[in-house]
Amino acid sequence: MTKADIVELVFEKVGFSKKDVAAVIEEIFESIKTTLEKGEKVKISGFGNFNIRQKRARRGRNPQTGTEITIDERRVMTFKASQLLKKSINSQPSA
Amino acid sequence: MTKSELIEAVASKVNNFSRKDIEIIVETLFNSMTESLSKGDKVEIRGFGSFKIKARDGRQGRNPKSGENIFIESKRVPFFKAGKEIRERINKIS
C-alpha cells in the first residue's frame, strides 16, 4: 500500500475531491515530520507513537571491507505500535 | 503532539476543510493503514517511512516474576523503517 492507495481509499470513504484528499494527507505527514524535526514526539492514539531518539557516536565497522569507522552521533526516528494496532495485526489469520 | 493537536495543525494549514473533515480524514487514514497491515500488507509512505509485519515464532519463555516456564505463542509484530527524507530532516542542525 502506497500513499496513492491511501488517497484512493480515503477518497472512497469521505467523498471530498481526490485532489483535496491528497493535499490533506500530504499535510498530515508533513505536520508529523515538522513536529519530529523539533524533537517532539507524535502520539496517534489507536495507532502508535513516533519518537525521536538521540544516538551517541560510536565506533563501527564497514561490514563489507572491515574498515573501522566512526559513526557520528545522530537522531533516529522510532515507532512504537499501540496495543490496539498489535491486537489488530494478530486478529486475522496470516495471509 | 497528540492526534487532536495534529488535526488542529492540519486544519490551520488547509482551506475549505472543516476541523471535522480533517478529523475524519485522519481517522480514515490510520484505520486504512491498520487494516492494510492486518492483512499482512506493507504500507509505504514516500519520505516518511514504511511499515511491515514480521512473523515471530513461538518460543519457550519464562515468567520473570515466578520463574515459571511458559510457552510464548507465535505472533505477528509491526516494524517501522524511517524514510530517507525524515532521516535527513531530523539530523539537520536545529
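Residues numbered from 1 in each chain as written. Chains lettered and ligands numbered in written order. Predicted model: local features only at pLDDT ≥ 70, side-chain atom pairs only at ≥ 80, totals over all residues. Heavy atoms only, no water.

## Section: the overall build of chain A
Thinking step 1. Within chain A one finds three helices and five strands.
Thinking step 2. Seen in sequence order, chain A has helices and strands lined up from the N terminus as α-α-β-β-β-β-β-α.
Thinking step 3. Split into buried and exposed, the 95 residues of chain A put 35% on the buried side.
Thinking step 4. Once local pairs closer than 6 in sequence are excluded, the contacts in chain A between residues at least 24 apart make up 31%. (Helix = DSSP H or I, 4+ residues; strand = E, 2+ residues; numbered from the N terminus. Buried < 20%, exposed > 50% of the residue type's maximum accessible area, 1.4 Å probe, protein only. Contact = heavy atoms within 4.5 Å.)

## Structural notes on the pattern of salt bridges
Thinking step 1. Here the structure, examined in full by the defined rule, presents 14 salt bridges over all chains.
Thinking step 2. A salt bridge links A:E26 to A:K3; the nearest nitrogen and oxygen atoms lie 3.3 Å apart. With a gap of 23 residues between them, A:E26 in helix α2 (residues 18-37) and A:K3 in helix α1 (residues 3-14) connect regions that are remote in the sequence.
Thinking step 3. On the basis of relative accessible area, A:E26 is assigned to the partly exposed category, the value being 39%.
Thinking step 4. The partner of B:R19 in a salt bridge is B:E23, with the nearest N and O atoms 3.3 Å apart. Residue B:R19 and its partner B:E23 are located together in helix α2 (residues 19-38), separated by four residues, close to a single helical turn. (Salt bridge = Lys/Arg side-chain N within 4 Å of Asp/Glu carboxyl O.)

## What about the environment of A:F29?
Thinking step 1. Mapped onto the elements, A:F29 comes out in helix α2.
Thinking step 2. Classification of A:F29 as buried rests on a relative accessible area of 2%.
Thinking step 3. Expressed as a C-alpha distance, the spacing of A:F29 and A:F16, which sit 13 residues apart in the sequence, is 19 Å.
Thinking step 4. With sequence-adjacent residues up to four places away left out, A:F29 is seen in contact with A:K3, B:L29, B:M33, B:I45 and B:F48.

## Some points on the packing of aromatic side chains
Thinking step 1. By the definition in use, this model includes 13 aromatic pairs over all chains.
Thinking step 2. Note on A:F50 and B:F80: the rings are 5.6 Å apart at their centroids and 70 degrees apart in plane angle, and the pair reads as edge-to-face. Here the residue A:F50 occupies a position in strand β2 (residues 48-55), and B:F80 occupies one in strand β5 (residues 75-82), the pair thus bridging two chains.
Thinking step 3. Take A:F50: its relative accessible area is 0%, and that puts it in the buried class.
Thinking step 4. Among the aromatic residues, those joined into a ring-pair cluster are A:F29, A:F47, A:F50, A:F79, B:F30, B:F48, B:F51 and B:F80. (Phe/Tyr/Trp six-rings, centres within 6.5 Å; stacked < 30°, edge-to-face > 60°.)

## Regarding the domain arrangement of chain A
All names here are of chain A.
Thinking step 1. When its domains are assigned, chain A resolves into domain 1 (1-38) and domain 2 (42-95).
Thinking step 2. The C-alpha centroid of domain 2 is placed 23 Å from the C-alpha centroid of domain 1.
Thinking step 3. Each partner contributes to the interface: domain 1 provides four residues, whereas domain 2 provides six residues.
Thinking step 4. Summing both partners gives a buried area of about 430 Å² for domain 1 against domain 2, and 77% of it is carried by carbon and sulfur.
Thinking step 5. By the criterion of area lost to domain 2, the three top residues of domain 1 are I32, L36 and E37, representing 89% of everything that side buries.
Thinking step 6. Taken together, the connections running from domain 1 to domain 2 amount to zero salt bridges.
Thinking step 7. The class makeup of the residues in the side of domain 1 that touches domain 2 is two nonpolar, one polar and one charged. (Domains from an automatic or database assignment. Buried area = accessible area lost by both parts, 1.4 Å probe. Nonpolar A, V, L, I, M, F, W, Y, C, P; charged D, E, K, R; others polar.)

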